[in-house]
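Commentary on secondary and tertiary structure
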Amino acid sequence: MESDWSVPEADVIDGIRDALAAERSAVLVTIVDIEGSAYRRPGAKMIIDADGDGVGNITAGCLEDEVRRLAAEVLDTGEPRVETYDLMNDEDDVWGLGVGCNGIIDVLLEPIDESFRPVVEASAAGEGIATVTILDGDAPAGARAVYRPDVGFTDDENLPEWIHTEIEGTVTALLDQDQSATVTVETAEGTVTAFVDVMAAPPELVVLGSGPDIRPVTELANNCDFRVTVVAFRGAAADPDRFPHADEVLSTSPADLRSAVEFNKSTYAVLMTHNFVDDRLALEELLATPVPYVGLLGPRDRFEEVRDDMATDGVDLGERDRERIYTPVGLDLGSGTPYGIAHSIVAELLAVHNDRDPKHVKEREGPIHPRIDESV
């Protein structure tokens, strides 16, 4: 496994799958708690194998070398451990880093074993899932239970029933917030500290078209953890080799779009066909689905022509439809290069998906990263 610290989160889960399939010794490293500021939030992961190679990251490189050393110890003992790093104090400079990130980070290191299989399977199926892992207290450290939103806990034997009963409400609340957190459960039967790791299903991006400008959009969106489907309206253009960063490449006609692709409220669509008729037909199909975002490439005048053409056929855009259409697509980043345009499109997708009002980070009040609802 080659070292690669800047991969999508889905690639880290794939790394767990590969380690299980090859029966290769490896350690999963997860941020489980943070006090103050840090580059990544709870739930950030990386994998380190027996050779010290890794996939993923938990910081901007501040701790990875130190964590590699600890991973070797975890592989030797076969036991999970939690390590705390205090990066608030430059004077101590414990590891010679002088990073001063103004945060205290708790990191869980676990040997990868079959208890991770449900996580791998849920990711492959595009399903959201949560795991509850005991960190300390009146239950074995490292014991894990899996929670699926549709069925609840699926492996009751892994944790005592009193933990399930007390923690289920917290797990469902964290799933709703798409946040991971360390929580404490206290009952007359015992007390435990557990990490609730929420792994939401990845958002879906459908890019319609087959031109060369689509490739940088698929690459950037894939790196931002979108599951990407490219839909070509010309059969010969539906070649997966042309779009290596897409999860799926298919061909259909604009009128058959809803039959070929499943659209839901977690699906985002970008129209980049450069064809007036295709855009007009595909737009009408997309607006008949619950997608929250339809990005349309091209100037405003072109969209006005599309809208007039639809109105001529008796199709009027209501307020809800107009709110979902983003045209010209993208944020105003000032670049006209293919990758610059792709960055503006994917940046807008992220802003809409994360319910953010795009602006300079320096203008944002409060923490950069969202915080857990204190009522959880």
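Sequence order as written defines the numbering, with residues in each chain counted from 1. With pLDDT at 70 or above as the cut-off, local features in this predicted model cover only qualifying residues; side-chain atom pairs require 80 or more to be listed or tallied, and sums for whole chains, interfaces and linings still use all residues. Only hydrogens and water are set aside when side-chain values are computed; all heavy atoms of the structure are taken into account.

1. Some remarks on empty space enclosed by the protein
As a reminder, the rule being used: Note on definitions: the grid is 1 Å and covers protein atoms alone; a cavity is a set of points where a 1.4 Å probe fits but cannot get out; a pocket is an open set with protein on both sides within 12 Å along at least five of seven lines; lining residues have an atom within 4 Å of a point. Grid points are joined across faces, edges and corners, and a volume is the space filled by probe spheres set on the points. Elements are defined by DSSP. Helices are runs of H or I of four residues or more, strands are runs of E of two residues or more, and each kind is numbered from the N terminus. When residues are grouped by polarity, Ala, Val, Leu, Ile, Met, Phe, Trp, Tyr, Cys and Pro land in nonpolar, Asp, Glu, Lys and Arg in charged, and all others, Gly among them, in polar.
Across all of its chains, the model carries one cavity of 30 Å³ or more by this definition. Looking at the largest cavity, its volume works out to about 110 Å³. In terms of lining, the largest cavity is formed by 15 residues, of which the most central are Leu28, Lys45, Phe116, Thr131 and Asp197. Elements represented by at least two residues in the lining of the largest cavity include exactly α1 (9–22), β1 (26–36), β5 (103–111), β6 (129–137) and β10 (190–199). It is β10 that provides the largest number of residues to the lining of the largest cavity, a total of three residues. Here the lining of the largest cavity is built from residues that sort into eight nonpolar, three polar and four charged.

2. Quick notes on the packing of aromatic side chains
What counts here: Any two of the Phe, Tyr and Trp rings considered here, Trp counted by its six-membered ring, make a pair once their centres fall within 6.5 Å; the pair's planes then place it as stacked at under 30 degrees, edge-to-face at over 60, or tilted in between. The classification of residues rests on relative accessible area computed with a 1.4 Å probe and restricted to protein chains. Under 20% of the type maximum is buried, over 50% is exposed, and intermediate values are partly exposed. Consider the ring centre and the ring normal. A charge sits over the ring if Lys NZ or Arg CZ is within 6 Å of that centre and within 35 degrees of that normal.
In the structure shown here, the tally under the stated rule is four aromatic pairs. An angle of 75 degrees between the planes, with centres 5.1 Å apart, marks the rings of Tyr147 and Phe153 as edge-to-face. With relative accessibility at 4%, the residue Tyr147 sits in the buried group. Aromatic side chains Phe226 and Tyr268 sit 6.1 Å apart centroid to centroid with 90 degrees between the ring planes, which places their arrangement in the edge-to-face category. Here Phe226, found in the loop between α5 (214–223) and β12 (227–232), pairs with Tyr268, found in strand β14 (residues 267–271); they are 42 residues apart in sequence, far enough to count as distant. Exposure remark for Phe226: the relative accessible area of 3% places this residue in the buried category. Using a relative accessible area of 5% as the deciding quantity, one classes Tyr268 as buried. The structure contains a cluster of three or more aromatic residues connected by ring pairs, namely Phe226, Tyr268, Tyr293 and Tyr326. Between the NZ or CZ atom of Arg144 and the centre of the ring of Phe116, over which it lies, the distance is 4.0 Å.

3. Examining helix α3 (residues 117–124)
Under the convention used in this document: When checking whether two residues touch, look at their non-hydrogen atoms; a contact exists if any pair is within 4.5 Å.
Of the positions making up α3, those classed as buried are Pro118, Val119, Val120 and Ala122. If you follow the buried residues of α3, they end up packed against α1, β6, β7 (144–148) and β10. Immediately downstream of α3, the backbone of Gly126 shows phi near 70 degrees, a positive value.

4. Re the confidence of the model for the protein chain
Quick reminder of the rule: The predictor attaches a confidence to each residue, and that confidence, scored 0 to 100, is pLDDT.
This prediction gives the protein chain a mean pLDDT of 88; 91% of its residues lie at or above 70. Confidence drops under a pLDDT of 50 for residues 92–100, and excluding neighbours within four residues, the segment shows 14 contacts in the predicted structure.

5. Some points on the sheet that holds β1
Formally: DSSP bridges decide pairing: two strands pair if at least two such bridges lie between them. Between N-to-C directions, angles span 0 to 180 degrees; the directions come from axes that are lines fitted to C-alpha atoms, helices contributing only their stretch in contact.
The strand order across the open sheet formed by five strands is β3-β2-β1-β5-β4, and the pairing between neighbours is antiparallel. Of all the strands in the sheet, just β3 (54–56) and β4 (81–86) have a single pairing partner and so form its edges. Averaged over all adjacent pairs, the angle separating strand axes in this sheet is 20 degrees, with direction ignored. As paired strands, β4 and β5 are joined by six bridges and run antiparallel to one another.

6. Considerations on the pairing of β10
By the criterion of burial, β10 is predominantly enclosed, with eight of the 10 residues buried. In terms of strand pairing, β6 meets β10 through eight bridges, oriented antiparallel. By the bridge assignment, Gly137 is partnered in β10 with Val192. The pairing of strand β9 (residues 181–187) with β10 spans seven bridges and is antiparallel. Each bridged residue has a counterpart across the sheet, and for Thr184 the counterpart in β10 is Thr193.

7. A closer look at the packing of α5 against helix α10 (residues 338–353)
Worth spelling out the cut-off: Note on angle classes: values under 35 degrees are labelled roughly parallel, values over 145 roughly antiparallel, values of 65 to 115 roughly perpendicular, and the remainder oblique. The sense of a crossing depends on the near helix, which, turned anticlockwise from the far helix by less than a right angle, makes the crossing left-handed and, turned clockwise, makes it right-handed.
At their nearest, the axes of α5 and α10 sit 8 Å apart, and the two run at 45 degrees to each other. When the axis of α5 is compared with that of α10, the two are oblique. Every pair of crossing elements has a handedness; the one defined by α5 and α10 is right-handed. Residue-level contacts link Pro216, Val217, Glu219, Leu220 and Ala221 of α5 to Pro338, Tyr339, Ala342, His343, Ile345 and Val346 of α10. Here the residues of the contact of α5 with α10 sort into nine nonpolar, one polar and one charged.

8. Re the environment of Met272
Relative to the helices and strands, Met272 resides in the loop between β14 and α7 (276–287). Separated by 59 residues in the primary sequence, Met272 and Asp213 have C-alpha atoms spaced 8.2 Å apart. Apart from residues no more than four positions distant in its own chain, Met272 is found in contact with Val207, Leu208, Gly209, Asp213, Ile214, Val217, Leu297 and Ile345.

9. Brief notes about the pattern of salt bridges
Let me state the cut-off plainly: Salt bridge, as applied in this entry: a Lys or Arg side-chain nitrogen positioned within 4 Å of an Asp or Glu carboxyl oxygen.
Under the criterion given, the structure shown has 20 salt bridges. Note that Arg234 and Asp278 form a salt bridge whose closest N and O atoms lie 2.9 Å from each other. Residue Arg234 is located in the loop between β12 and β13 (248–251), and its partner Asp278 is located in helix α7; the two are separated by 44 residues in the primary sequence. Where salt bridges share partners, they join Glu66, Arg69, Glu73, Arg81 and Glu83 into one cluster.

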